[in-house]
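# Descriptive analysis of the structure
Here's the letter readout for the chains.
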Amino acid sequence: MVKSIDLKYLIAYLAPLLAALGILWAGWWSYGAAILSFVVLPLYELIKPPTGANLSPTERNARSVSRYYDWLLYSHVPLLFILIAGSIYRVSFTHLETWELVGLVLSMGVTLGTFGINVAHELGHRSTAYEQAMAKLLLLPNLYMHFIVEHNRGHHRYVSTPLDPATARYGENLYFFWIRSTVTGYFSAWRIEAERLVKAGKKVISVQNQMIVFTLLQLTYLVLIFALCGPTGFFFAVAIAVMGFLLLESINYVEHYGLVRKMTGQGRYEKVTEMHSWESNHDLGRIFLYELTRHAHHHSKASVKYQLLDHTPDSPQMPTGYPGMIIMALIPPLFYWVVNPRVPAEMKALAIH
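Residues numbered from 1 in each chain as written. Predicted model: local features only at pLDDT ≥ 70, side-chain atom pairs only at ≥ 80, totals over all residues. Heavy atoms only, no water.

A few words now on the packing of aromatic side chains. A complete count under the given rule lists 26 aromatic pairs for this structure. Residues Y186 and W190 carry aromatic rings whose centres are separated by 6.3 Å and whose planes lie at 75 degrees to one another, so their mutual orientation is edge-to-face. Separated by 4 residues within a single helix, Y186 and W190 lie in helix α9 (residues 174–199), roughly one turn from each other. For Y186, a relative accessible area of 30% puts it in the partly exposed group. Among the residues examined, W190 registers a relative accessible area of 26% and is labelled partly exposed. Centroid distance Y253 to F335: 5.2 Å. Interplanar angle 45 degrees. Geometry classified as tilted. In this pair, Y253 is assigned in helix α10 (residues 210–256) and F335 in helix α14 (residues 332–339), connecting sequence segments 82 residues apart. With relative accessibility at 1%, the residue Y253 sits in the buried group. Classification of F335 as buried rests on a relative accessible area of 2%. Chaining the aromatic ring pairs together yields one cluster made of Y170, F177, Y253, Y257, F335 and Y336. (Phe/Tyr/Trp six-rings, centres within 6.5 Å; stacked < 30°, edge-to-face > 60°. Helix = DSSP H or I, 4+ residues; strand = E, 2+ residues; numbered from the N terminus. Buried < 20%, exposed > 50% of the residue type's maximum accessible area, 1.4 Å probe, protein only.)

Right, here's the structure in full:
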């Protein structure tokens, strides 16, 4: 039986619910998911202190065997594609004012970023073929299928080093990071996949190359939308995809900003520790993103399911949740003023020198 406290993860469904109402009713409802994510949540977390309680052994055992937490994620696949189809139909075949269209782009972009990429990230770390397939499906409408290659086999290996596209450097602003991480992360995924194939003795230019398959799938997705819904549907699909993956990159930015791993005497980087990830233990952001904000534990063992992640008090702590941190990052001087003093001194020295 699902305990009442477990139902808190249903809060994550508020964004797609508001996106659905925006599709149906338009007007100011079209901004619903965006307002929830970047107005309501940040304001709540600004006044509500974080809570650091971890699971008891009994709770951990119960959660580890419950399928409820898995099905919460699996349901995202059909629901996300229903929302995408509904929103593309709405903008293509009904009249919307420009301001309503902007609202739908923002809200659907947030939905693709949180309900899509974030859940794809969780499922992409699972070992079963069907969960891996669901992760790739969720990344498809974001036009970011390469993420599963670069993140799993690149980011987790090179996090907090200059070799990782998804680690923000000390003093690097969000806008420059968007460009650097997006471009270099994409080409990094091609390199990682080519290295895998060469090591396995397989041809790089073949259908066994996931990057080629991903590219063809994403092009097919866009061509189908253009054929069925015309240029309006096509440009809307591209716009919400860009919004979705920029939200992902914004989360990448705040997760590891300014944190650096030292080189050891053997010319290698030190082992990843809890000091190499920023953590936020603010309640709503944790639940809304399926505990992604307990990021230090995730990097120590990526296979741990979201409902079992622990708060790591020794890691650098964010002053607010992810939504609020992203808003601050959009204003670089404000972000530097708040965050730079919190970067560990030894890492700051490594970054500067």
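Attention now goes to unusual backbone geometry. Even without glycine at this site, L143 takes up a positive phi of about 55 degrees. Residue placement: L143 occurs in the loop between α7 (129–139) and α8 (147–158). The class of L143 is buried, set by a relative accessible area of 19%. The residue Y290 is not glycine, and still its phi comes out positive at about 50 degrees. Checked against the element boundaries, Y290 lands in the loop between α11 (283–288) and α12 (295–300).

Turning next to the nonpolar core. If you look at the biggest cluster of nonpolar residues, it comprises 62 residues, and the most contacted ones within it are M108, L123, Y221 and Y290. Here this core gets 12 residues from one element, more than from any other, and that element is α10. For Y290, the residues in contact, after removing those within four places along its chain, are Y9, A12, Y13, L72, L73, H76, N118, V119 and Y306. In terms of nonpolar packing, the next biggest core, distinct from the first, is built from 24 residues, Y253, W278, I326 and V343 among them. (Core = buried A, V, L, I, M, F, W, Y, C linked by side-chain atoms within 4.5 Å. Contact = heavy atoms within 4.5 Å.)

On to helix α2 (residues 32–47). Relative to the 22 Å expected for 16 residues at 1.5 Å per residue, α2 spans 22 Å between its end C-alpha atoms, a close match to the ideal helical length. Remark: the principal bend of α2, roughly 25 degrees, maps to L41, with a proline, P42, within the next four residues. By the burial criterion, the buried members of α2 are G32, A33, A34, L36, S37, L41, P42 and E45. In the core, the buried residues of α2 are packed alongside α1 (14–25), α6 (98–124), α11 and α13 (322–329). (Expected span 1.5 Å × (residues − 1). Bend = angle between axes of the 7 residues up to and from the residue.)

Our next topic: the side chain of Q132. Relative to the helices and strands, Q132 resides in helix α7. At a separation of 2.6 Å, a polar atom in the side chain of Q132 contacts the main-chain carbonyl oxygen of G124. (Polar contact = N/O pair within 3.5 Å; in protein donor to acceptor, adjacent residues only side chain to side chain.)

All right, on to the packing of α9 against α10 then. The interhelical angle for the contact between α9 and α10, taken along N-to-C directions, is 110 degrees, at an axis separation of 9 Å. With respect to their mutual orientation, α9 and α10 come out roughly perpendicular. Residues L174, F177, W178, S181, T182, Y186, A189, W190, E193 and R196 of α9 lie in contact with α10, whose contacting residues are Q210, M211, I212, T215, F245, L246, E249, S250, N252 and Y253. Here the contact of α9 with α10 is composed, by residue class, of 11 nonpolar, 6 polar and 3 charged. (Axes fitted to C-alpha atoms, helices over the stretch in contact; angles between N-to-C directions. Parallel < 35°, antiparallel > 145°, perpendicular 65-115°, else oblique. Nonpolar A, V, L, I, M, F, W, Y, C, P; charged D, E, K, R; others polar.)

On to the packing of α2 against α13, then. Between α2 and α13, whose axes approach to 8 Å, the crossing angle comes to 110 degrees. On the basis of their axis angle, the class for α2 and α13 is roughly perpendicular. Our pair here, α2 against α13, has a crossing hand that is left-handed. Two secondary-structure elements touch here, α2 through S37, F38, L41, P42 and E45 and α13 through Y322, P323, G324, I326 and I327. Taken together, the residues that form the contact of α2 with α13 break down as 7 nonpolar, 2 polar and 1 charged. (Left-handed = near helix turned anticlockwise from the far one by under 90°.)

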